[in-house]
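Fold and contact review
Below, each chain spelled out in residue letters.
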Amino acid sequence: MTLIKSISGIRGTIGGKPSENLTPIDAVKFAAAYGSWLKNSRKGKKTTVVVGRDARISGHMIQQLVMNTLTGLGIDVIDLDLSTTPTVEVAVPMEKADGGIILTASHNPKQWNALKLLNEKGEFLSGDEGAEILEIAENADFSFAEVDDLGKVKRVEHYIDTHIEEVVMLPLVDAKKIAEAGFTVAVDGVNSTGGIAIPKLLKRLGVKVIELYCEPTGEFPHNPEPLKEHLSDICNVVKKQQADLGVVVDPDVDRLAFITEEGEMFGEEYTLVACADYVLSKTPGNTVSNLSSSRALKDITIKHGGSYEASAVGEVNVVELMKKNDAVIGGEGNGGIIYPELHYGRDSLVGVALFLTFLAEKKMKVSELRKTYPSYFMSKNKIELTPQLDVDKILQQVEQKYSGEQVSTVDGVKIDFPEHWVHLRKSNTEPIIRIYTEAKSQERADEVAQKMIGEIKEIANL
């Protein structure tokens, strides 16, 4: 496995050889590059970085390496230890820090870890900034501090609680209404930090909580990506315990999926749709999601009199377009809610609070709410890449083949047909081509996906 460097962070598997995996040497090198880049931009002023991590097994080791590297550069560190990605994003501006590092490989399995890098606003770095950091790492262009100028580490443990209070204080979150609804909610925290944050938030909102896999041991009990095929346990618990709904998050708590009271998936794509429906009903405006997200968000936005636009995949791209279009809510169809009223980052805590307020207001069951939305079905597939494959050439040939249709090349190739769409792109985080399709039935979405996979294999002679 090669070490993957992208706008989503520096990501790799633990162990193995330097530059091929995320080894201690690579963790130090990239932390030193980021710290040096920050110091250069501060022009000699004291620099502070917030560091937090999810609960994966390698987290403590990587965090110590990263924090010690930063202090070696003369940078002060605010150590949140076990935290969530959105919590670190909230903490950076609150601490008036110069940046932040989240140690998480998000939805990837336990052998993976990563350094996600933030700017002084607690937002992900731009592609250009990331390129500068990679160049510093490549050239080992570091200058470490002398002994009297070493940085200090300050442990701060209140930020999950602070983050929860910030969410509860949002004007569109009605804690009283949620408490009066008397919800019972089952939570799958995949034995990471969502198991700390989500039950705490729910209890603060007066909700009865059933906890499943909420011990932050880092031993993921199932594949940590919150997809239907990985979530049979929580679906069974919701039905058996007669909960009103289930809440599922990934290890760093920036992706959110709901389970209906019938033990069925609400649909990860519909997390953003439902939250946007609520937000737009109170504060009409524009929305943004990425090219791989459901058409349902566009439909809901138009219903509320707003305009919708799609960005390239990657949170930084969504945020950039949200700012440009003054979007009141946005995110990614993988269950990522970005609500600028609090911060520009995917935040499952915000999503849970908005969704429960909406549910309490509507006095509906989760399955009934789902039926109020246009029904689209998505098929998400991937083809493993080999080094000799020229992926760009493959995508160009697909683009040429479908040049008579509505085609976007903002990010890979997206082909919009009247009744369905197909989006092909290289992953930023894994050595694969992702093939997303959406249609008005699951059967049709799967059929379109398999047809496209066949065409790609034919082009690539696989």
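Below or above, wherever it landed, is the structure these notes cover. (Residues numbered from 1 in each chain as written. Predicted model: local features only at pLDDT ≥ 70, side-chain atom pairs only at ≥ 80, totals over all residues. Heavy atoms only, no water.)

A look at the overall build of the protein chain
Along the backbone of the protein chain there are 15 helices and 20 strands. Taking 2.2 N^0.38 as the reference for a compact globule, 462 residues should give roughly 23 Å; the C-alpha atoms of the protein chain span a radius of gyration of 22 Å, in line with that estimate. If you line up the protein chain on its principal axes, its C-alpha atoms span 65 × 60 × 40 Å. Long-range contacts, defined here as pairs at least 24 residues apart, represent 68% of the contacts in the protein chain between residues at least 6 apart. (Helix = DSSP H or I, 4+ residues; strand = E, 2+ residues; numbered from the N terminus. Rg over C-alpha atoms; globule rule 2.2 N^0.38 Å. Contact = heavy atoms within 4.5 Å.)

Focus: the packing of helix 1 (residues 24–42) against helix 2 (residues 59–72)
One can describe the packing of helix 1 onto helix 2 by two numbers: an axis separation of 9 Å at closest approach and a directional angle of 40 degrees. Our classification of the angle between helix 1 and helix 2 gives oblique. Once helix 1 is placed against helix 2, the crossing between them reads as right-handed. The residues of helix 2 that touch helix 1, namely those facing P24, A27, V28, A31, A32 and G35, are M61, I62, L65, V66, T69 and L70. Grouping the constituent residues of the contact of helix 1 with helix 2 by class yields ten nonpolar, two polar and no charged. (Axes fitted to C-alpha atoms, helices over the stretch in contact; angles between N-to-C directions. Parallel < 35°, antiparallel > 145°, perpendicular 65-115°, else oblique. Left-handed = near helix turned anticlockwise from the far one by under 90°. Nonpolar A, V, L, I, M, F, W, Y, C, P; charged D, E, K, R; others polar.)

Quick word on the pairing of strand 12 (residues 286–290)
Across the five residues of strand 12, four count as buried, placing the element largely inside the fold. Pairing between strand 12 and strand 14 (residues 327–332): three bridges, direction parallel. Within strand 14, the residue paired with V288 across the bridge is G330. Here strand 12 runs beside strand 13 (residues 308–311); their pairing, made up of four bridges, is parallel. Bridged to V288 within strand 13 is E309. (Buried < 20%, exposed > 50% of the residue type's maximum accessible area, 1.4 Å probe, protein only. Pairing = 2+ DSSP bridges.)

Points about the sheet that holds strand 19 (residues 421–426)
With antiparallel pairing, five strands are arranged side by side in an open sheet as 16-20-19-18-17. Every interior strand has two partners, whereas the edge strands, strand 16 (377–384) and strand 17 (406–408), have only one. Strand-to-strand twist across the sheet, computed as the mean angle between neighbouring axes with direction ignored, equals 15 degrees. Relative to strand 19, strand 18 (residues 413–416) runs antiparallel, the two being bridged by four bridges.

Let's talk about the pattern of salt bridges
Scanning the entire structure with this criterion turns up 32 salt bridges. Across the salt bridge formed by D76 and K46, the nearest N and O atoms sit 3.6 Å from each other. Of this pair, D76 sits in strand 4 (residues 76–82) while K46 is found in the loop between helix 1 and strand 3 (48–53), placing the two residues 30 residues apart along the sequence. One salt bridge connects K401 with E455, and the closest N-O pair in it is separated by 3.5 Å. Highlighted residues: K401 in helix 14 (residues 391–401) and E455 in helix 15 (residues 442–460), separated in sequence by 54 residues. Assessed through its relative accessible area of 53%, K401 is described here as exposed. For E455, a relative accessible area of 12% translates into the label buried. Residues joined in a network through salt bridges with shared partners are K116, D252, D254, E315, E332 and R346. (Salt bridge = Lys/Arg side-chain N within 4 Å of Asp/Glu carboxyl O.)

Details of the packing of aromatic side chains
In this structure the tally under the stated criterion is eight aromatic pairs. Arranged with centres 5.4 Å apart and planes meeting at 80 degrees, the rings of F266 and F355 form a pair that is edge-to-face. Pair noted here: F266 is in the loop between strand 11 (256–259) and helix 9 (268–282) and F355 is in helix 12 (residues 348–362), with a separation of 89 residues, a long-range link. Judged on exposure class, the residue F266 and its partner F355 are both buried. An aromatic cluster of three or more residues is present, and its members are F258, F266 and F355. (Phe/Tyr/Trp six-rings, centres within 6.5 Å; stacked < 30°, edge-to-face > 60°.)

Topic: the environment of M169
Here M169 is to be found in the loop between helix 5 (159–168) and helix 6 (175–181). Expressed as a C-alpha distance, the spacing of M169 and V187, which sit 18 residues apart in the sequence, is 22 Å.

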